[in-house]
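# Structure at a glance
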Amino acid sequence: MASAEDVKGLFPAMVDRFLPEKAGDMSATILFDLSGDNGGYFWIKIADGAATTGAGEVSDPAMTVKASADDWFAVATGQLNAMQAFMTGKLKILGDMGLAMKMQTIFAQ
């Protein structure tokens, strides 16, 4: 089971792996709604060729990722394939599905 610190650490790591050249002129906020003991709300905002992150809810995100904290940790660390998690219902996407597909290219693995 991922610790609360492990889960919180995923988002700054994603920002560090952000590839602005792949995002182009994208402007979007992605909300992560993670359930379980070490879950919570986290967000990544992409705008002006940069990505920032924080905790808490945001209004009107372009996309919301819903998963257990443990399942998202497994996806984010490569232990669980994102498409497999989506197809088995461990990962749910609300909103812009196109953005969900782009996430695989705008964040380095």
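This report concerns the structure included in the present document. Remember, predicted model here, so these are calculated numbers, not experimental data.

The next thing to look at is helix α5 (residues 97–106). Every buried residue of α5 is listed here: L99, A100, M103 and I106. The buried residues of α5 all sit within an arc of 125 degrees when viewed along its axis, so they share a single face. If you check the start of α5, you find a side-chain oxygen 2.9 Å away from the backbone N of G98, and it comes from D96.

What follows concerns the sheet that holds strand β5 (residues 91–95). Read across the sheet, 5 strands follow the order β3-β2-β1-β4-β5 without closing on themselves; strand pairing throughout is mixed. Unpaired on one side and paired on the other, β3 (50–55) and β5 mark the two borders of the sheet. Ignoring which end each strand starts from, the neighbouring axes of this sheet average 20 degrees apart. Together, β1 (28–35), β2 (40–47), β4 (63–68) and β5 form the strand contacts of α5, whose direction differs from that of β1 by roughly 90 degrees.

About the thresholds
- Residues numbered from 1 in each chain as written.
- Predicted model: local features only at pLDDT ≥ 70, side-chain atom pairs only at ≥ 80, totals over all residues.
- Heavy atoms only, no water.
- Buried < 20%, exposed > 50% of the residue type's maximum accessible area, 1.4 Å probe, protein only.
- Helix = DSSP H or I, 4+ residues; strand = E, 2+ residues; numbered from the N terminus.
- Arc of directions from axis to C-beta.
- Polar contact = N/O pair within 3.5 Å; in protein donor to acceptor, adjacent residues only side chain to side chain.
- Pairing = 2+ DSSP bridges.
- Axes fitted to C-alpha atoms, helices over the stretch in contact; angles between N-to-C directions.
- Contact = heavy atoms within 4.5 Å.

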